[in-house]
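Observations on the model geometry
In case you want the letters, here they are:
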Amino acid sequence: MNGIAAVENLNYENYENEKNNIYYGNSPEYLKVSLAAAMTMDFVPGIFYRNACLHCINVLLTYDEGCRANCAYCGLQKSREGEYNDKSFIRVDWPVFKTGDIIESTLKKHNIVYRICISMITHEKAKDDTFTILKRFTNELHCPVSILMTPTILKHDDINRFKEYGADMVTVALDAATPELFDKFRGRGVGGPHRWEKYNDILDYSVSVFGKNKVGCHLVVGLGETERDMIFRMQSVRDRGARSHLFSFYQEKGSKLENHPQCPAGQYRRIQTARHIIDYDMGRAEDMKFGNDGRVVDFGIPFKNVAEIIERGTAFQTTGCPGKTEISACNRPFGDSSPKNIRSFPFELNAGDINRVRKELLEYD
Ligand code: SF4
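Report on the accompanying structure. None of these values were measured; they are calculated from a predicted model.

Comments concerning the environment of P302
Examined against the element boundaries, P302 turns out to sit in the loop between β12 (296–298) and α10 (303–312). Since its relative accessible area comes to 48%, P302 is described here as partly exposed. Placed 19 residues apart in sequence, P302 and G283 show a C-alpha to C-alpha distance of 9.9 Å.

Comments concerning the pairing of strand β10 (residues 243–248)
Consecutive side chains of a regular strand alternate in pointing toward one face of the sheet and then the other. Most of β10 sits out of view: six of its six residues are buried. Here β10 shows no split at all, with R243, H245 and F247 on one side and S244, L246 and S248 on the other all buried. Pairing between strand β9 (residues 215–221) and β10: six bridges, direction parallel. When the bridges of β10 are listed, V220 appears paired with F247. Since β9 and β10 lie parallel, the crossover through helix α8 (residues 227–239) that links them has a hand, and here it is right-handed.

Considering the packing of α10 against helix α11 (residues 351–361)
One way to put it is that α10 packs onto α11 with a least axis distance of 9 Å and a crossing angle of 135°. With respect to each other, α10 and α11 are oriented oblique. Residues I310, E311 and R312 of α10 lie in contact with α11, whose contacting residues are I354, R358 and L361.

Here's the deal with the packing of helix α4 (residues 126–140) against helix α5 (residues 156–164)
In the contact formed by α4 and α5, the axes pass within 10 Å of each other and the chain directions differ by 15°. Here α5 runs roughly parallel to α4, going by the angle between their axes. Between α4 and α5 the crossing geometry is left-handed. In this structure, α4 contributes K127, T130, F131 and L134 to the contact, and α5 contributes D158, R161 and F162.

Comments concerning α10
Taken together, the buried positions of α10 are V306, I309 and I310. Within α10, the buried residues cover an arc of 95° as seen down the axis, which keeps them to one side. Looking at the buried side of α10, the elements it contacts are α9 (265–279) and α11. G313 sits one or two residues past α10 and shows a positive phi near 85°.

Some details on α5
Looking only at α5, the buried set comprises D158, I159 and F162. The arc that holds the buried residues of α5, viewed along the axis, is 105°, so those residues lie on one side. Along its buried surface, α5 packs onto α4, β7 (145–149), β8 (169–175) and α7 (196–210). Immediately beyond the C-terminal end of α5, within one or two residues, lies G166, with a positive phi of roughly 105°.

Observations concerning the pattern of salt bridges
Per the stated rule, a full pass over the model turns up 23 salt bridges. Among the charged side chains, a network of salt bridges with common partners joins R115, D168 and K214.

Some words on the site of the ligand
Around the ligand, the structure places C56, N58, C117, T171, H218, H245, G320, C321, C330 and R332. Here the residues of the shell around the ligand sort into four nonpolar, five polar and one charged.

Focus: the nonpolar core
Generally speaking, soluble globular proteins have nonpolar side chains that are buried together. Counting residues in hydrophobic clusters, the biggest one holds 105 residues, and the most contacted among them are F137, M149, F162 and I231. Considering each element in turn, this core owes the most residues, seven residues, to α7. Aside from chain neighbours lying at most four places away, what touches F162 is M120, T130, F131, L134, I147, M149, L154, A167, V170 and F210. C56, L148, A173 and A329 belong to the second-largest nonpolar core, a separate cluster that totals six residues.

So, the sheet that holds β10
Note: strands within a sheet are paired through backbone hydrogen bonds, in either parallel or antiparallel orientation. The eight strands lie next to each other as β5-β2-β4-β6-β7-β8-β9-β10, forming an open sheet whose pairing is mixed. The sheet is open, and its two edges are formed by β5 (96–98) and β10, each paired on a single side. On average, each strand axis in the sheet is tilted by 30° relative to the strand beside it, whichever way the strands run. The strands that α7 touches are β7, β8 and β9; relative to β8, the one it contacts most, it runs at about 160°. Here α9 sits on the sheet in contact with β9 and β10, set at roughly 170° to β10.

Rules used in this analysis
- Residues numbered from 1 in each chain as written.
- Predicted model: local features only at pLDDT ≥ 70, side-chain atom pairs only at ≥ 80, totals over all residues.
- Heavy atoms only, no water.
- Helix = DSSP H or I, 4+ residues; strand = E, 2+ residues; numbered from the N terminus.
- Buried < 20%, exposed > 50% of the residue type's maximum accessible area, 1.4 Å probe, protein only.
- Pairing = 2+ DSSP bridges.
- Right-handed = clockwise from strand over helix to strand, strands pointing away.
- Axes fitted to C-alpha atoms, helices over the stretch in contact; angles between N-to-C directions.
- Parallel < 35°, antiparallel > 145°, perpendicular 65-115°, else oblique.
- Contact = heavy atoms within 4.5 Å.
- Left-handed = near helix turned anticlockwise from the far one by under 90°.
- Arc of directions from axis to C-beta.
- Salt bridge = Lys/Arg side-chain N within 4 Å of Asp/Glu carboxyl O.
- Near = heavy atom within 4 Å.
- Nonpolar A, V, L, I, M, F, W, Y, C, P; charged D, E, K, R; others polar.
- Core = buried A, V, L, I, M, F, W, Y, C linked by side-chain atoms within 4.5 Å.

Now the structure itself:
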């Protein structure tokens, strides 16, 4: 399944025609754009399911050689068959456009675009090109810029330069909750270049440069960790001054983990609830109680407070870099599930969604 399924009424034929006419070139002159961002900028036609509105333009560096890393769950991994430009990433297509056209189109949508994010990949040119693109974005655009960094190719001074060139927030995609899972799926286990220590060092240094609540940490739920593992990881991220941005693992076709099951809905709902409690300093991992299998049985705060969190629903919306409010501008519509079985809600939950979440939270199968 690809991003086409994430939208209603998309004229697939037009999209395929557009796709065939799309330019192919390398960064910094060209960038990949998420399908949702391409729709927001009117590069491709389509209407979002339930009118989910994207408030963050997500762009990704692009090179003919693709990404040099080999993360087992990622659609861009170098050992996945196919051309880099045809590979999906977090479930959706990422067509390529000229950087200048992206800037022009983003400016036209200034009333709905609250943020733009540059995702690096593991490539020898990625660092310098990120500096170039960041400088253009901060000079020419109306909105704050985030960088989803690749720590493997960065030194401390590069973080200083991101700040100096105008980045508003930076994020480290730790993705795995434990050092063992990180090494198995991103490091030595897959012959990949990434190291747990390096990622954590860049996370800590980034907080010292950008400040508390200005650094994010991507975490993927369902790579084989227990709920307890993930909750203590999120507490560690919080104690270091950052906040966690959650994704529910989703099988990228053709990746090494294409047959790895998605975690049960109950697990993701409990992690979303715990993340909200921890990241907004309403409680701590040490006060939560876990069953023998590591699953949360008590969130460590009064039941009425948990009930209020569920009733409000924001804990179950996509988590990421904020826009005009604390709610994530980066709502990545259907980036971790199909619209029929939403994991991270890209919009406000309605009464039916809240009932579903409440039921799923109690599922322990
Ligand atoms: S949460 Fe979104 S905007 Fe922030 S770094 Fe991650 S992908 Fe970019």
